[in-house]
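Here are the chains, one letter per residue:
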Amino acid sequence: MLWDWEYALESLPVLLTAFVQFTLVATVLGTLLAAALGLVFAIIRQLRIPVLAPLITVFIEIVRSTPLLIQLFILFYVLPGFGVTLAPLTAGVIGLGVHYACYYTDVYRAGIDAVPTAQWEAAAALSLHPRYTWFDIVLPQAMRNVLPSLGNYAIAMFKETPYLALITVTELVRSARTIGGDTLDYLEPLTLAGLIFLAASYPTALALRRLERRLQTA
Amino acid sequence: MSEIPTLLDWTGNLWQGLGLTVLLTTLGALLMLLLSVVLGLASRSHRTWLRGGARVVIEFFRGTSLLVQLWWLFYALPLLGIRFDPLLVGVVALGLNYGAYGSEVVRGSLNAVPATQWEAATALSFSPWQRLRRVVWPQAVVLMIPPFNNLLIQLLKSTPLVFSISLLDLTAMGEAFRNAGGETLAIYGVLLAIYLALAYAMTFCLNVLEAAVKARLGRGDGWREALWVRPGAASTPGAEVTV
């Protein structure tokens, strides 16, 4: 048997530490950034602000059609040339956040579009200030529509955090390779890394599917 | 060799890298399509072992991250005595990962064909194979193309990962340029432009294909659809999400 349990158990704590310290942190911060930035993008496009709105549309198309890895390299290797040096994790969070914000924008747009026109009209009829119309009438209803999709993208981002390994963040997968490199035995750490991903993402995906069904029927 | 290279010096390398990226994307996409159909059909089977087996494979490859799969095949598998060529590792990892996502597209699209179509074909005593091949599949394919377009772009966007398993794709050539001291902004700008062009070429081809299969069904808005920038403008929120 090639599988060495002792070695596997030895590497597990190191992997879990890397997982919590970098993978989870990057996912949570990246999701928060993407959710906030995506909302800003969506509102700017919804209000059709001149210059800004078309610029954002072009930006979104470019970001969505080009590899995340190149975007991370730009943040990590090009920006220092302009005097902005980012820590690897910071560059990673910004890269993930901006990349996914471009997906989130569309999700928000769909969610806002799904709010019945009558809600906008009622708000206008009550001559509510646009701020109240947006933040107290439209967005709360839109949020409910988009919650499952936002969650799905959060899981997708979670599974793309290993990209950060390639800009030197010692997240789960990179730690697994480092452990393997030290002992020349990659089997256990890399297998465990995969299983940790599965153990975290599969139950979350199931929970989201349940949430989706509950929001639909309600 | 201590001279700093310019983009012009790198043209040959970039062409070479582009060749590998296109080859990898094409082979990966073919394996992905094959697996999508096989796993997608298997996950609709009424045989429990077949359906269960397909689900385990699908959830496994969707749930573990692509880079883990890539590195596992590259670093860990040789320890079990099986050594693939790096290109094959890349193709297999991309094909398996995106094939698992694609199978959900196939399954969902088949489920989305109205039940009356299945029933009508049964009422006309088509065999299960004829029912699928002649009635359901042509209608399901129309639904599959936009999500597949998204998946193919995702696949293309994931190919840069293979530079970490020693393959000399476009991204690896960019890295070599940077390591040789070249202007980073220039090389990454060029890379972004190339990937953007590749992604758009892909969308264009799939839009043409979509218009063609829709025309076969007597639907659609004609060939002008092919010029749309986005795959399937009518996609529902989150429809492209691949969890």
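Residues numbered from 1 in each chain as written. Chains lettered and ligands numbered in written order. Predicted model: local features only at pLDDT ≥ 70, side-chain atom pairs only at ≥ 80, totals over all residues.

**Quick look at the overall build of chain B**
Of the regular secondary structure elements, chain B holds eight helices and zero strands. Listing the helices and strands of chain B from first to last along the sequence gives α-α-α-α-α-α-α-α. Across its three principal directions, the C-alpha atoms of chain B cover 75 × 50 × 25 Å. Across the 243 residues of chain B, 42% fall into the buried class. Sequence-distant contacts in chain B: of pairs separated by 6 or more residues, those separated by 24 or more amount to 73%. (Helix = DSSP H or I, 4+ residues; strand = E, 2+ residues; numbered from the N terminus. Buried ≥ 20, exposed ≤ 12 C-beta atoms within 10 Å, placed from the backbone. Contact = placed C-beta atoms within 7 Å.)

**Regarding the overall build of chain A**
Summing up its helical and strand segments, chain A has eight helices and zero strands in all. Helices (α) and strands (β) of chain A occur, in sequence order from the N terminus, as α-α-α-α-α-α-α-α. Projected onto its principal axes, the C-alpha positions of chain A cover 75 × 50 × 25 Å. Taken across its 218 residues, chain A has 41% of its residues classed as buried. Nonlocal contacts in chain A, meaning residues at least 24 apart in sequence, comprise 76% of its contacts between residues at least 6 apart.

**Overview of the confidence of the model for chain B**
Residues and elements named next belong to chain B. Per-residue confidence for chain B averages 89 on the pLDDT scale, and 91% of its residues sit at or above 70. By mean pLDDT, the top-scoring element of chain B is helix H1 (residues 11-42) (96), and the lowest-scoring one is helix H8 (residues 184-216) (93). Considering only residues more than four positions removed or in separate chains, one finds that residues 233-243, a stretch of pLDDT under 50, has 27 contacts. Interface scoring of the predicted complex returns ipTM 0.89; its pTM is 0.90. (pLDDT = per-residue confidence, 0-100.)

**Quick notes on the interface of chain A and chain B**
Taken together, the contact pairs 43 residues of chain A with 35 residues of chain B. The set of elements that each furnish at least two residues to the side of chain A that touches chain B consists of helix H2 (52-65), helix H3 (68-78), helix H4 (88-113), helix H6 (130-160), helix H7 (172-183) and helix H8 (187-217) of chain A. Of all the elements, H8(A) adds the most residues to the side of chain A that touches chain B, at 10 residues. Of the residues in the side of chain A that touches chain B, the class split is 29 nonpolar, 10 polar and four charged. (Nonpolar A, V, L, I, M, F, W, Y, C, P; charged D, E, K, R; others polar.)

**Quick word on the nonpolar core**
If you look at soluble globular proteins, the nonpolar side chains tend to sit buried side by side. Formed by 109 residues in total, the largest nonpolar core has its most connected members in A:Tyr100, A:Tyr104, A:Leu190, A:Ala193, B:Leu70 and B:Trp71. Looking at this core element by element, the count peaks at 12 residues for H4(A). Excluding its chain neighbours within four sequence positions, the residues that come into contact with B:Trp71 are A:Val173, A:Arg177 and A:Leu190. (Core = buried A, V, L, I, M, F, W, Y, C linked by C-beta atoms within 7 Å.)

**Section: the packing of H3(A) against H8(B)**
Between H3(A) and H8(B), the shortest axis-to-axis distance is 10 Å and the interhelical angle comes to 170 degrees. If you check the angle between H3(A) and H8(B), you find them roughly antiparallel. Contacts between H3(A) and H8(B) involve A:Ile70, A:Phe73, A:Ile74, A:Tyr77 and A:Val78 from the former and B:Thr184, B:Leu185, B:Tyr188, B:Leu191, B:Leu192 and B:Tyr195 from the latter. Broken down by class, the residue content of the contact of H3(A) with H8(B) amounts to 10 nonpolar, one polar and no charged. (Axes fitted to C-alpha atoms, helices over the stretch in contact; angles between N-to-C directions. Parallel < 35°, antiparallel > 145°, perpendicular 65-115°, else oblique.)

**Re H3(A)**
What sets the pattern is the α-helix's 3.6 residues per turn: residues three or four places apart point alike. For H3(A), the tally of buried residues reaches eight of 11 residues, placing the bulk of the element in the interior. Along H3(A), the residues that are buried comprise A:Leu68, A:Leu69, A:Ile70, A:Gln71, A:Leu72, A:Phe73, A:Leu75 and A:Phe76. Against H2, H4 and H6 of chain A together with helix H6 (128-158), helix H7 (170-179) and H8 of chain B lie the buried residues of H3(A).

**A few points about helix H4 (residues 86-112) of chain B**
Look at H4(B): 39 Å from first C-alpha to last across 27 residues, which is about the 39 Å you get at 1.5 Å a residue. Of all 27 residues in H4(B), 19 are buried, a share of seventy percent or more. (Expected span 1.5 Å × (residues − 1).)

**Considerations on unusual backbone geometry**
Residues and elements named next belong to chain A. Despite not being glycine, Thr168 has its phi angle at roughly 70 degrees, a positive value. Locating Thr168 in the fold gives a position in the loop between H6 and H7. Positive phi, close to 60 degrees, is recorded for Leu184, a residue that is not glycine. Positionally, Leu184 belongs in the loop between H7 and H8. A residue is classified by how many C-beta atoms lie within 10 Å of it, and Leu184, with 8 of them, is exposed.

**Topic: the confidence of the model for chain A**
For chain A, the average pLDDT comes to 93, and 99% of its residues sit at 70 or higher. H8(A) is the least confidently modelled element of chain A, averaging 90 in pLDDT, while H3(A) averages 96, the highest of any element.

**Re the environment of B:Ala172**
Inspection of the secondary structure puts B:Ala172 in helix H7. Filtering out sequence-adjacent residues up to four positions away, B:Ala172 remains in contact with B:Gly17, B:Phe163 and B:Leu167.

**Thoughts on the environment of A:Arg174**
Residues and elements named next belong to chain A. By the element assignment, Arg174 lies in helix H7. Residue classification places Arg174 among the buried positions, given that 23 C-beta atoms sit within 10 Å. For the pair Arg174 and Leu190, spaced 16 residues apart in the sequence, the C-alpha separation amounts to 9.2 Å. Ignoring sequence-local partners within four residues, the contact set of Arg174 consists of Ala165 and Val169.

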